[in-house]
Amino acid sequence: MLFPYGEWVILFLTLLTWAEKKASRRFFLLLTIAWLIGKWAEISIAVTMPWHWHFARLAVMLVFWVWSMRQAERWLLPLFFTSLIVGVETLFFVNEPGVFPYGEWFFAIALVLVAWLSAKSFWGTAAALTGSALLNQAFVRFTYDGIIRYIALPNEFTWNFGVGLFTAWAALALGWQYYTERELGRTEADLIPSKSSGTYEPSEESKLR
């Protein structure tokens, strides 16, 4: 892929959090450091096998997975379900490649739904999806060596879909939080005059008496 969408999204969010001094800048700093270490490994470590190892992306996914597991209330059962779906997807594409149109999108949507229904939280869903993707990379690498002669780990679809999904999800959650806080502030502001008028009327009545 000529344009690394996922990398640019992470870089932009890192610069944004540092410029605005947000609480999440430590998280994005860890992701950036992981990416730099992985990129150094890609340059310095010579891989003779025909597998294309994206160590930078794998490092980011690993850090994101660990962070998600620490934040999630439950992640083990969602990870089990999503790993089963990813395994079925891999078996399907290896044995019947190209038969099912838009198969990647179909399985991706099914993964998100299963992860969300079983985790019921953002970080639980993130831990399940990222963990199942990483486990599947190892599964594909050590199981289908000799069958699949060339594959990118992780592939472009998994990487860009994951970064786009979690970024859009977090942005919508922040937008909804901002909207609810704004509406709550308006409601409280509307209640203040009514309370003041309510306390004003008895005082006026006492003066009249």
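Residues numbered from 1 in each chain as written. Predicted model: local features only at pLDDT ≥ 70, side-chain atom pairs only at ≥ 80, totals over all residues. Heavy atoms only, no water.

Trainee: Sorry, what's going on with the overall build of the protein here?
Mentor: When helices and strands are counted, the protein shows seven helices and two strands. Tracing the protein from N to C terminus, the helices and strands come up as α-α-β-α-α-α-α-β-α. Per-residue burial over the protein gives 32% buried out of 209 residues. Counted over contacts in the protein with a minimum sequence separation of 6, partners at least 24 positions apart contribute 74%. Total accessible area on the protein stands at roughly 13700 Å², and carbon and sulfur atoms take up 69% of it. (Helix = DSSP H or I, 4+ residues; strand = E, 2+ residues; numbered from the N terminus. Buried < 20%, exposed > 50% of the residue type's maximum accessible area, 1.4 Å probe, protein only. Contact = heavy atoms within 4.5 Å. Areas by Shrake-Rupley, 256 points an atom, 1.4 Å probe, with all protein chains shown as cover.)

Trainee: What is the right way to look at the confidence of the model for the protein in this model?
Mentor: Low-pLDDT portions of the prediction should not be read for the details of their coordinates. Here the protein averages 81 in pLDDT, and 83% of its residues register 70 or above. At the low end of the mean pLDDT range in the protein sits helix α7 (residues 156-208), at 73; at the high end sits helix α3 (residues 55-71), at 93. Across residues 195-209 the pLDDT falls below 50, and counting only partners more than four positions away or on other chains, this stretch makes zero contacts in the model. (pLDDT = per-residue confidence, 0-100.)

Trainee: Just checking my understanding: could you explain helix α5 (residues 103-119) for this structure?
Mentor: In an α-helix, one turn spans 3.6 residues; hence positions three or four apart end up facing the same way. Counted at 1.5 Å a residue, the expected span for α5 with its 17 residues is 24 Å, and the 24 Å between its end C-alpha atoms agrees. In the stretch just after α5, K120 is the one whose phi turns positive, near 60°. (Expected span 1.5 Å × (residues − 1).)

Trainee: It is not clear to me how the pattern of salt bridges should be interpreted in this structure. Could you clarify?
Mentor: Pairs can form between side chains of opposite charge whenever their charged atoms are close. Going through the model one piece at a time under the given rule, you end up with four salt bridges. Among the ionic pairs, R57 bridges to E7, the shortest N-O distance being 2.8 Å. Remark: E7 occurs in helix α1 (residues 5-19) and R57 occurs in helix α3; sequence separation between them is 50 residues. Of the two residues examined, R57 and E7, each falls in the buried class. In this structure, K22 and E20 form a salt bridge, with 3.1 Å as the shortest nitrogen-oxygen distance. Taking relative accessible area as the criterion, E20 reaches 46% and is therefore assigned partly exposed. Connected through shared salt-bridge partners, E7, R57 and E156 make up one network. (Salt bridge = Lys/Arg side-chain N within 4 Å of Asp/Glu carboxyl O.)

Trainee: Looking at this model, I keep getting lost on the packing of helix α4 (residues 76-95) against helix α6 (residues 122-143). Mind explaining?
Mentor: A packed helix pair is summarised by two numbers, namely the angle formed by the two axes and the spacing between the axes. Between α4 and α6, the least distance of the axes is 8 Å, while the angle of their chain directions is 45°. Taken together, the axis directions place α4 and α6 in an arrangement best described as oblique. When you trace α4 past α6, the crossing you get is right-handed. Each of P78, L79, T82, S83, V86, G87 and T90 in α4 lies in contact with α6, whose residues at this interface are A127, A128, L129, G131, S132, L135, N136, F139 and V140. Here the contact of α4 with α6 is composed, by residue class, of nine nonpolar, seven polar and no charged. (Axes fitted to C-alpha atoms, helices over the stretch in contact; angles between N-to-C directions. Parallel < 35°, antiparallel > 145°, perpendicular 65-115°, else oblique. Left-handed = near helix turned anticlockwise from the far one by under 90°. Nonpolar A, V, L, I, M, F, W, Y, C, P; charged D, E, K, R; others polar.)

Trainee: Is there a simple way to think about the packing of aromatic side chains in this case?
Mentor: Any pair of aromatic rings gets described here by the distance separating the centres and the angle formed by the planes. A complete count under the given rule lists 17 aromatic pairs for this structure. Here F27 and F28 contribute two aromatic rings whose centre-to-centre distance is 5.1 Å and whose plane-to-plane angle is 65°, an arrangement assigned as edge-to-face. Assessed through its relative accessible area of 10%, F27 is described here as buried. Geometrically, the ring pair formed by F80 and F81 is tilted, given 5.8 Å between the ring centres and 55° between the ring planes. A residue is classified by how much of its surface remains accessible, and F80, at 47% relative accessible area, is partly exposed. Members of the aromatic cluster, joined through ring pairs, are F27, F28, F64, W67, W116, F122, W123, F166 and W169. (Phe/Tyr/Trp six-rings, centres within 6.5 Å; stacked < 30°, edge-to-face > 60°.)

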